[in-house]
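Given next are the chains, with one letter for each unit.
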Amino acid sequence: MSANTKIFQIYFKPELEKYLDPAFTPLSNVENPRPDLREWDVWNREHDNILAQGLDYWGFVSWKFKEKTGLHGHQVLKFMSDNPGRDVYLFNPCILNEAVFANSWEQGDLHHPNISDIGNSFLQKIGYDNVDVKTMLLDRNNTVFANYVVGSRKFWIEFMEFTRKLFVEADKDIEFKHQVFGEGLSNYAHDKSLPNFTFLIERLIPTYLELEHLDSLAYTYTHDTVLSKYRPIFDEIQALSNLKVAINQYDSDELYNVWNYYRHAFINNNPGILNIE
């Protein structure tokens, strides 16, 4: 890991600052001028300032990072140091979702109606022909929820340019603008006012990593580091996640069929299990 690395921990109320990890760099979003855009607005507002700092790697996590992942900042930095030179490092807090869904679009369609169709529409608009996000099998090394991403300077420059195209395309197409930015269309259980935008960003990160063939690496949990809620089913999660990696490594339809059978069997044998995410 480059010594020239910062991981910014975003907080949106002054009283939350006391919960921040000392290994991270505090980043206030108390003013929060665009709550509808969530953390992307912070990334965008801080982008030029961070570029001016000359960092090699940076990323953003929320003030709830420890609660959501079980990890301390020093563990994140050590993981990067032990695995130097990658384009992107992922710290996915939702490991069950990764293991049992082909990708985060499949998972997203259950909660945010037709979000995969919106994703496909966007990609087609900006020149990615013959791409269908529903058919991608994205394993743990290019899957992340909650946007817990640390990336290289090149990654952030190009990814921010990529995501800003959502605004450009929305200005050209009023229906697409409504689909992306329409208030409440995400159907998000915890905030019914949110548009699809932030949930598109969350899913466009893995898709972008895949489409651009970036060298990304996920932190892999163990029995010792995984959150307690996962421990009773951790062996199954690990097996399903490993199968997805093997499918992509060997481009194997047979392994896909095995994974597909066992993921459905696991979900059917554990009613309500997806609710732990």
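Up top you'll find the structure we're talking about.
The rules behind these values
Residues numbered from 1 in each chain as written. Predicted model: local features only at pLDDT ≥ 70, side-chain atom pairs only at ≥ 80, totals over all residues. Heavy atoms only, no water. Helix = DSSP H or I, 4+ residues; strand = E, 2+ residues; numbered from the N terminus. Rg over C-alpha atoms; globule rule 2.2 N^0.38 Å. Areas by Shrake-Rupley, 256 points an atom, 1.4 Å probe, with all protein chains shown as cover. Lys, Arg positive; Asp, Glu negative; His and termini not counted. Charge placed at Lys NZ, Arg CZ, Asp CG, Glu CD. Axes fitted to C-alpha atoms, helices over the stretch in contact; angles between N-to-C directions. Parallel < 35°, antiparallel > 145°, perpendicular 65-115°, else oblique. Left-handed = near helix turned anticlockwise from the far one by under 90°. Contact = heavy atoms within 4.5 Å. Nonpolar A, V, L, I, M, F, W, Y, C, P; charged D, E, K, R; others polar. Buried < 20%, exposed > 50% of the residue type's maximum accessible area, 1.4 Å probe, protein only. Core = buried A, V, L, I, M, F, W, Y, C linked by side-chain atoms within 4.5 Å. Expected span 1.5 Å × (residues − 1). Bend = angle between axes of the 7 residues up to and from the residue. Pairing = 2+ DSSP bridges. Polar contact = N/O pair within 3.5 Å; in protein donor to acceptor, adjacent residues only side chain to side chain.

Q: Residues and numbers for the overall build of the chain, please.
A: In terms of helices and strands, the chain carries eleven helices and six strands. Radius of gyration (C-alpha) of the chain: 18 Å, near the 19 Å computed for a compact globule of 277 residues. Over its C-alpha atoms, taken along the principal directions, the chain stretches across nearly 50 × 45 × 35 Å. Total accessible area computed for the chain in this model is approximately 13,400 Å², and 48% of it derives from carbon and sulfur atoms. Of note, the chain has its 26 positive side-chain charges centred 5 Å away from the centre of its 39 negative side-chain charges.

Q: Which residues make up the packing of helix α6 (residues 115-125) against helix α8 (residues 174-181), and what values do they have?
A: Where α6 contacts α8, the two axes come as close as 11 Å, and the packing angle between them is 130°. Classified by the interaxial angle, the pair formed by α6 and α8 is oblique. Our pair here, α6 against α8, has a crossing hand that is left-handed. Counted together, I118, S121, F122 and K125 of α6 and F176, Q179 and V180 of α8 form the full contact between these two elements. Classifying every residue of the contact of α6 with α8 gives four nonpolar, two polar and one charged.

Q: Explain the environment of L37 to me, using residue names and the numbers behind them.
A: If you trace the backbone, L37 turns up in the loop between β2 (25-28) and α1 (38-52). According to the relative accessible area criterion, L37 is buried, its value standing at 2%. Remark: the alpha-carbon pair of L37 and L194, spanning 157 residues in sequence, is separated by 8.3 Å. In contact with L37, not counting residues within four places along its chain, are F167, F181, F197 and T198.

Q: Quick one: what's the story with the nonpolar core, residue by residue and with numbers?
A: Grouped together as the largest cluster of nonpolar side chains are 81 residues, with contacts concentrated most on W43, F60, F91 and W156. With nine residues, the single largest contributor to this core is helix α9 (residues 197-211). The contact partners of W43, leaving out residues within four places of it in the chain, are F60, N147, W156, F159, M160, I201 and I205.

Q: Talk me through the environment of F12; I want residue IDs and the actual numbers.
A: Topologically, F12 is positioned in the loop between β1 (5-11) and β2. The class of F12 is partly exposed, set by a relative accessible area of 39%. Once the C-alpha coordinates of F12 and E210 are considered, the two residues, 198 residues apart in sequence, prove to be 32 Å apart. Every residue in contact with F12, bar those within four places of it in the chain, is listed here: N29, V30 and W63.

Q: Hey, could you go over α9 for me, with residue numbers and the actual values?
A: Between the first and last C-alpha of α9 there are 20 Å, a value that for 15 residues agrees with the 21 Å anticipated at 1.5 Å per step. The sharpest bend along α9 reaches about 30° and sits at L204, with the proline P206 one to four residues further on. Once α9 ends, the next one or two residues include H213, with phi positive near 55°.

Q: Talk me through the pairing of β1; I want residue IDs and the actual numbers.
A: Of all seven residues that make up β1, six are buried, and the element is covered over most of its length. Across six bridges, β1 lies against strand β3 (residues 57-62) in parallel orientation. Paired with Q9 across the strands is V61, a residue of β3. With four bridges joining them, β1 and β2 adopt parallel strand pairing. By the bridge assignment, Q9 is partnered in β2 with P26.

Q: So what about the sheet that holds strand β6 (residues 216-218)? Which residues, and what values?
A: Taken together, six strands build an open sheet; the order of strands is β2-β1-β3-β5-β4-β6 and the sheet is mixed. Both outer strands of the open sheet, β2 and β6, are each paired with one neighbouring strand and no more. Pairwise comparison of adjacent strand axes, ignoring direction, gives a mean angle of 20° for this sheet. Helix α3 (residues 73-82) rests against β1, β3, β4 (88-90), β5 (149-152) and β6 of the sheet, and its axis sits at about 150° to β1.

Q: Now, about the environment of T143: what can you tell me, with residues and values included?
A: Positionally, T143 belongs in the loop between α6 and β5. Take T143: its relative accessible area is 2%, and that puts it in the buried class. For the pair T143 and K64, spaced 79 residues apart in sequence, the C-alpha separation works out to 19 Å. Apart from residues no more than four positions distant in its own chain, T143 is found in contact with L90, N92, E98, L138 and P206. Polar contacts involving the side chain of T143 include one to the main-chain carbonyl oxygen of L138, which spans 3.1 Å. Polar contacts involving the side chain of T143 include one to the main-chain carbonyl oxygen of D139, which spans 2.9 Å.

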